[in-house]
Amino acid sequence: MTKRIIHLLQYTELALYGVLYFIIAGGFIDSIFFPTDSSGVRFITLATVLVFVALAIQSKFPRFLLHPRTVMIFGLFVIVAVHSSTVPALLVGKFSLQYFYVGFLLLFAVTGNLKIFTTASMLTFMWAGLDTFPKVDYETIKSTLVWYIPASMIFVFSFIRIRNLETEYVEVLKEELMKQRFSVTESQERKSESSSATTVDEDSSVIADSMVSTGKELDNLIFFIDKMYNPHTAAAFVYDKANNVFILTSAKSRSGMISKNIRIPGGASHGVIGQLADDPKLFRSGDLTLYNRDLGYYTGNVVVASLVVVPILSRDHGLLGALAMDSTEKLAYRDEHVDRLSRFSRIAGELIVNVVMRKKQQQNAERFAMFYNSALKFGRPNLKMNDVLDSLIGFIREIDDISRVTAIAWNEESAICRVMAVAGDTNEIANGYSFTPTKGSIFHSSVVNNKVEFVSDFRVIRQRAPLYVVGENLNPNISSVMVVPFGETSADYRMVITVESSRKNYFSTELRHIVSTVIRNAASAYEKSFLYQKMEVQATTDGLTGLCNHRHFQENLHVAVLQSERYHRPLSLLLMDIDKFKSFNDTYGHQIGDLVLKVIAKALTHSVRSTDLAARYGGEEFVVVLPETDEENSMLMAERIRATIEATPIPTERGILSVTVSIGSATRGSGSVTQEQLIKCADSAMYQSKKSGRNRTTAYLSGMEDLIDK
């Protein structure tokens with residue numbers, strides 16, 4: 001059939017609607033402008049009565065007035081009822097009643113529906129006979145019968161047009177399926193039965209996510225079902241096996257009491273749709289009131305009489321969803337409707353499977369990118385431990401529906417845990433928080449046994465098995481939990497990563513593998529960072545006292561002198577020596593001498609500011625760099641250090657001992673004093689303190705080194 005004929009039929013249908021609407025509107029206009037005309041009054045009175053009748057029928061049968069052809073029937077009743085002398089003046093002599101019969105017949109011929117066309121033919125001849133009753137006008141019937149021939153031809157053309165549209169749409173769907181199949185990798189198409197069985201649970205969440213978010217693949221299918229069968233509601237559901245729920249993703253309804261994303265739990269107790277989870281078989285009823293079953297997808301009370309529900313099945317993926325169409329009329333659907341809806345369900349199944357494959361391809365690409373980026377990030381040299389943890393948390397948080405990631409350090413000896421880094425939607429866990437995990441908790445089981453622990457629904461067990469400690473105040477929306485230890489490290493603690501999600505059964509086998517892989521990569525980078533930082537500390541720290549060593553002191557003093565010279569800021573240096581330390585060593589031994597050095601280093605650390613640098617200069621000598629400090633303040637700092645060391649007791653096996661120090665201070669002002677000169681000046685001031693009786697502080701004065709030499 002050519003497109004011209006199809007367009008001609010469509011224009012004919014629109015023209016017939018327009019003619020009848022014009023006639024009815026003309027009758028009302030005539031009644032308004034000519035109120036004395038009894039025919040006009042009768043016309044509008046009868047039309048008003050018919051409107052109320054229509055509203056009464058509409059309340060019982062909601063689909064009755066939702067199509068223009070129903071209005072055509074009411075219009076014809078109006079014309080027949082007020083025929084002859086009762087026709088309004090505006091219409092007399094303008095139209096022949098025969099045209100109304102013919103137009104009515106042609107209008108239903110355009111539908112291409114045999115049942116509707118047969119009923120319209122019977123009504124047409126019946127009204128033609130009633131119009132001439134009691135004396136039947138055979139000429140009218142004869143002329144109407146003549147028009148039945150072109151009406152029959154139009155019906156045949158329309159019938160063929162509808163079937164061609166159906167065939168064409170099915171072919172379009174098949175072509176679309178083929179295009180989607182070519183976009184899927186060959187390995188996915190050749191998936192074995194054994195491997196597909198293990199991925200059903202994992203694919204179910206992918207199906208739900210992809211179809212709920214788009215639904216476009218099923219929208220066209222539902223649109224076509226609605227056009228073909230004119231149901232009260234046509235709906236498509238996707239089955240989320242992980243959560244055992246049917247999700248309404250696409251629907252077209254004459255009722256306003258339905259909305260997308262309605263969720264129907266699986267199970268026989270949840271109506272016709274829900275029972276498919278237990279028994280995925282076709283359901284058909286011509287009188288649903290006999291079953292007393294709830295449909296579950298209406299938000300209000302809708303009286304449905306006929307219902308057909310067909311499961312969407314796949315050989316590899318099992319139950320994928322369902323197609324449903326209902327009607328407010330009893331016995332509305334026959335075997336041919338069920339067969340065609342079953343065919344649509346197979347098409348819907350292939351559409352959903354292709355969506356799953358595309359979604360999995362996209363996920364695989366995203367996860368490969370995550371692996372690649374994490375490998376680049378964790379493979380960078382000189383990466384700090386905190387940077388490793390922050391990057392790890394960032395990578396895991398990029399995964400959909402991850403609500404929180406926490407990095408926790410666990411000390412096996414003290415059994416104390418400390419939160420090293422955390423990022424999430426809620427803030428009941430803070431960075432730096434310390435706690436002792438309860439024995440039997442999920443976290444404790446993971447760190448003690450050094451294995452991955454995961455929970456599918458933490459809300460069910462949180463009362464008897466806490467995540468960290470009994471009585472914890474965690475987010476009540478936590479559902480899925482995964483605890484992954486780093487494994488053995490060189491540190492004196494174990495690093496553990498906790499991953500949380502608000503989705504039930506979220507951590508599938510594939511996702512657990514992904515998270516564990518990223519964490520293992522991070523653990524390797526963390527170990528390298530720890531060893532590098534430890535080696536860096538050893539290279540810059542004195543092994544006995546824990547203060548900076550001589551080399552690190554010289555490097556920092558060099559930078560401080562340059563900054564002082566560039567910005568014209570003061571810089572002071574304190575140099576101190578333990579009084580009579582050689583005789584102290586000879587008297588008490590080197591072990592107690594080492595203890596003295598440690599105690600003084602600790603007292604020195606507690607005395608200086610965070611911006612200052614304390615270091616072991618060599619032997620029993622110590623040094624402190626004081627940036628942004630003039631001579632007056634440097635002497636105050638020196639005196640505070642001296643008094644602190646003097647008052648610090650040193651407990652030993654031979655009793656409580658104490659020592660004193662002699663301190664020299666040198667300050668660099670606006671003049672050009674080099675690093676070597678600053679150290680020499682502080683050294684001269686220190687020797688002046690020793691010459692003056694020890695246990696004192698001395699500020700450098702010009703020429704002091706000459707007095708020391710003499």
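So, a few notes on the structure that sits alongside this text. On a predicted model such as this, the values are computed, not experimentally measured, just so you know.

The next thing to look at is the overall build of the protein. In terms of helices and strands, the protein carries 22 helices and 19 strands. Within the span of the protein, comprising 710 residues, buried residues form 47% of the whole. Long-range pairs, those at least 24 residues apart, make up 64% of the contacts in the protein between residues at least 6 apart in sequence. For the protein, the exposed area adds up to about 36700 Å²; of that, 56% sits on carbon and sulfur atoms.

For the pair helix 18 (residues 581-588) and helix 19 (residues 590-607), interaxial distance at closest approach is 7 Å and the crossing angle is 135°. Relative to helix 19, helix 18 is oriented oblique. In contact with Phe581, Phe584, Asn585 and Tyr588 of helix 18, helix 19 contributes His590, Ile592, Gly593, Val596 and Leu597. Across the contact of helix 18 with helix 19, the residue classes break down as six nonpolar, three polar and no charged.

Unusually for a residue other than glycine, Asp401 sits at a positive phi of about 65°. Along the chain, Asp401 turns up in the loop between helix 13 (385-397) and strand 7 (404-411). Overall, the relative accessible area of 38% leaves Asp401 in the partly exposed class. Even without a glycine there, the phi angle at Lys580 is positive, about 50°. Among the secondary structure elements, Lys580 is positioned in the loop between strand 13 (571-578) and helix 18.

In this section: helix 13. Between its terminal C-alpha atoms helix 13 stretches 18 Å, which fits the 18 Å expected from 13 residues at 1.5 Å a residue. Turning to helix 13, its buried residues number three or more, namely Met385, Val388, Leu389, Ser391, Leu392, Ile393, Phe395 and Ile396. Elements that come into contact with the buried residues of helix 13 comprise helix 12 (335-378), strand 7, strand 8 (416-424), strand 12 (494-501) and helix 16 (509-540).

What follows deals with the sheet that holds strand 8. If you trace the six strands from one edge of the open sheet to the other, you get 9-8-7-12-11-10, paired in antiparallel fashion. What marks the edges here is a single partner per strand, and that holds for strand 9 (434-435) and strand 10 (453-455). One ladder, built from seven bridges, connects strand 7 with strand 12; its direction is antiparallel. Opposite Thr406, over in strand 12, you have Thr498 as the bridge partner. With respect to the sheet, helix 14 (residues 442-449) is in contact with strand 7, strand 8, strand 10, strand 11 (480-485) and strand 12, its orientation differing from that of strand 12 by roughly 140°. Docked against the sheet, helix 16 engages strand 10, strand 11 and strand 12, running at close to 30° with respect to strand 11.

Bringing the packing of aromatic side chains into the picture now. The way to describe two aromatic rings as a pair is by their centre distance and the angle between their planes. On inspection of all chains with the given rule, the structure shows 13 aromatic pairs. Centre to centre, the rings of Tyr506 and Phe507 are 5.4 Å apart; their planes meet at 70°, and the pair counts as edge-to-face. Aromatic side chains Phe553 and Tyr617 sit 5.8 Å apart centroid to centroid with 75° between the ring planes, which places their arrangement in the edge-to-face category. With Phe553 in helix 17 (residues 550-567) and Tyr617 in strand 14 (residues 613-618), this pair connects stretches of sequence that are 64 residues apart. Residue class for Phe553 comes out buried when judged on its relative accessible area of 1%. Here the aromatic cluster, defined as three or more aromatic residues joined through ring pairs, consists of Tyr433, Phe435, Phe443 and Tyr468. Taking NZ or CZ as reference, Arg512 lies 3.8 Å from the ring centre of Phe454, over its face.

Before going further, it helps to examine empty space enclosed by the protein. In the structure shown here, the tally under the stated rule is one cavity of 30 Å³ or more. Put simply, the largest cavity is a space of about 30 Å³. If you go around the largest cavity, the residues you meet are Ser403, Arg404, Thr426, Asn475, Ile478 and Glu500. When its residues are assigned to classes, the lining of the largest cavity shows one nonpolar, three polar and two charged.

We now examine the pairing of strand 18 (residues 661-668). Counting buried residues in strand 18 gives seven out of eight residues, a clear majority hidden from the surface. As paired elements, strand 13 and strand 18 share eight bridges and run antiparallel to each other. When the sheet's bridge partners are listed, Leu575 is paired in strand 18 with Gly664. Inspection of the sheet shows strand 18 paired to strand 19 (residues 697-699) by three bridges, in the parallel sense. Counted as the bridge partner of Ile663 is Thr697 from strand 19.

The next thing to look at is the sheet that holds strand 18. Taken in spatial order, the five strands make up an open sheet running 14-15-13-18-19, and their pairing is mixed. Both edges of this open sheet fall to strand 14 and strand 19, since each of them pairs with a single strand only. The sheet shows a mean angle of 20° between the axes of neighbouring strands, taken without regard to direction. Helix 17 rests against strand 13, strand 14, strand 15 (621-627) and strand 18 of the sheet, and its axis sits at about 130° to strand 14.

How each quantity is defined
- Residues numbered from 1 in each chain as written.
- Predicted model: local features only at pLDDT ≥ 70, side-chain atom pairs only at ≥ 80, totals over all residues.
- Heavy atoms only, no water.
- Helix = DSSP H or I, 4+ residues; strand = E, 2+ residues; numbered from the N terminus.
- Buried < 20%, exposed > 50% of the residue type's maximum accessible area, 1.4 Å probe, protein only.
- Contact = heavy atoms within 4.5 Å.
- Areas by Shrake-Rupley, 256 points an atom, 1.4 Å probe, with all protein chains shown as cover.
- Axes fitted to C-alpha atoms, helices over the stretch in contact; angles between N-to-C directions.
- Parallel < 35°, antiparallel > 145°, perpendicular 65-115°, else oblique.
- Nonpolar A, V, L, I, M, F, W, Y, C, P; charged D, E, K, R; others polar.
- Expected span 1.5 Å × (residues − 1).
- Pairing = 2+ DSSP bridges.
- Phe/Tyr/Trp six-rings, centres within 6.5 Å; stacked < 30°, edge-to-face > 60°.
- Lys NZ or Arg CZ within 6 Å of the ring centre and 35° of its normal.
- 1 Å grid on protein atoms, 1.4 Å probe; cavity = no way out; pocket = protein on both sides within 12 Å on 5 of 7 lines; lining within 4 Å.
- Points joined across faces, edges and corners; volume = space filled by probe spheres on them.

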